[in-house]
Amino acid sequence: MNPTRLAVIGAGAIGRKHIDVIQHASDATLVALADPSEQARELATELGVAWFADVEEMLDEIRPDGVINATPNTLHVPCALACVTRGIPVLVEKPVAESPERARELVDAALAHNVPVLVGHHRRHNALTAAAKTLIDSGKLGNIVAVSAHWLLQKPDDYFDVSWRREPGAGPLLVNLVHDIDLMRYLLGEIEEVQAMASSETRGFANEDSAVVNMRFARGTLGSAVLSDCSVSPWSWEMNSAENPIYAHTPENCYLISGTLGALAIPQMRWWRYGEKSGWHEPLISETLHIDAIDPFILQLNHFIAVIRGEATPIIDAADALRSLEVIDEIRQAI
Ligand SMILES: NC(=O)c1ccc[n+]([C@@H]2O[C@H](COP(=O)([O-])OP(=O)(O)OC[C@H]3O[C@@H](n4cnc5c(N)ncnc54)[C@H](O)[C@@H]3O)[C@@H](O)[C@H]2O)c1
């Protein structure tokens, strides 16, 4: 089979990660970049692929088999619509849109044109996620009573030199917590109710820099999430999961899941339970599940290629990602 011809829109921080993964794939080839920046033009020259400042011009001239859309949040929907209306499958980075209203436009267009949209919640492709889901779904943790999620880290100050990251439509609720919310929905089911508080005091931008959230899941689980992009801490998926070498690996846990029969600390995958007798006078037994690490961005690309070839349906489509975005919107309203 001929390699799948892919184009990337937005060759910034995460766009370059996608480009790197495509460059190493045997069944895909990078055919074009669309990004008006000078750095993107230079990168296209370096890689020997076509460069376009304009997205629609690229789509019409190159007609790629699929597109990865790694633009700033507010461009996700317009760039994805340009693909979908031309019948081109698209992998849209998360969050699927900057608001549920915008996301619904994409959900409707994907349905109307019958074109698959995969959303870049790449943690769903991680083998750690699959192992956690298998354990939870097996019932070995019992009924899940509570989950505690931490996303506490310090983004370097120069991360915010890029203006869109300081402006409304970005912020760690939309850019980061949406990953954790999506993962919790995937592992524990739908979130029905939220309470929340936020602060922008430390960075002083239009967006929050820190927040706390309480959640009630449809299955009865209670949860809390704490996030901050300006705090020194070892507890975040980025630093704990070792899935992306650009983040310093710190082997700690960022999700603590506790059920009536056992507990799981993710991503170190330590599973706690009692022996014959249970209760706080008894010693807990623990076991570490060993998971082979494969870069989830590679698994995500393999899945996207299968989606383009009609061999798979998106494991997270625009409608599913919309629900994660709606939870973020409910958190913002609660704030
Ligand atoms: N899945 C993940 O783990 C992950 C990680 C980081 C970022 N993201 C998401 O990816 C998106 C991009 O984030 P980033 O940090 O890479 O941003 P970035 O600012 O580093 O890159 C964005 C790129 O888009 C380009 N761009 C701007 N306007 C454009 C246009 N009209 N047409 C084409 N290109 C245009 C910019 O020139 C820039 O190169 C965000 O939505 C973010 O939430 C996802």
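Here the residue numbers are simple positions, counted from 1 along each chain's written sequence. Reporting in this predicted model follows two pLDDT cut-offs: at least 70 for local features of residues, and 80 or more for side-chain atom pairs to be given and counted; totals over whole chains, interfaces and linings ignore these cut-offs and use all residues. In computing side-chain values, all of the structure's heavy atoms are included and hydrogens and water are not.

By the naming in an unreviewed UniProt entry, the protein is Scyllo-inositol 2-dehydrogenase (NAD(+)), taken from Pseudocitrobacter corydidari.

A few points about unusual backbone geometry
What counts here: By definition, any uninterrupted DSSP run of H or I lasting at least four residues is a helix, any uninterrupted run of E lasting at least two residues is a strand, and each is numbered from the N terminus.
A cis geometry characterises the amide bond from K94 onward to P95, with omega recorded as -10°. Omega for the peptide link from I266 to P267 comes to 10°, which places this bond in the cis form. Mapped onto the fold, P267 is located in the loop between β12 (262–266) and β13 (270–274). Non-glycine residue R63 carries a positive phi angle of around 45°. In this structure, M269 is a non-glycine residue whose phi angle is positive, near 60°. In this structure, M269 sits in the loop between β12 and β13.

Here's the deal with the domain arrangement of the protein
Selection rule: An automatic or database domain assignment is the source of the domain bounds shown. Whether two residues touch is decided by their heavy atoms; if any such pair falls within 4.5 Å, the residues are in contact. Throughout, buried area stands for the accessible area (probe radius 1.4 Å) lost by two parts on being put together, summed over both.
Partitioning the protein into structural domains gives domain 1 (4–122 + 297–314) and domain 2 (125–294 + 327–334). Centre-to-centre separation of domain 1 and domain 2, based on C-alpha positions: 27 Å. Contacts between the two partners involve 15 residues from domain 1 and, on the opposite side, 16 residues from domain 2. Counting the surface lost from both domain 1 and domain 2, the interface buries some 1500 Å², and carbon and sulfur atoms represent 61% of this. Among the residues of domain 1 in contact with domain 2, H121, H122 and L299 are the three that bury the most area, contributing 37% of the side total.

Digging into the pairing of strand β1 (residues 4–9)
The two faces of the sheet receive side chains in turn, since in a regular strand these alternate between them. Put simply, the rule is: Each residue's exposure class comes from its accessible area (1.4 Å probe, protein chains only) as a fraction of the maximum for that residue type: buried when under 20%, exposed when over 50%, partly exposed otherwise. A crossover gets the label right-handed when its path from the first strand over the helix to the second runs clockwise, viewed with the strands pointing away from the viewer. In this description, strands pair whenever DSSP reports at least two bridges between them.
Across the six residues of β1, five count as buried, placing the element largely inside the fold. Since β1 and strand β2 (residues 28–34) lie parallel, the crossover through helix α1 (residues 13–23) that links them has a hand, and here it is right-handed. Two elements, β1 and strand β4 (residues 66–69), share four bridges in a ladder whose sense is parallel. Paired with I9 across the bridge in β4 is N69.

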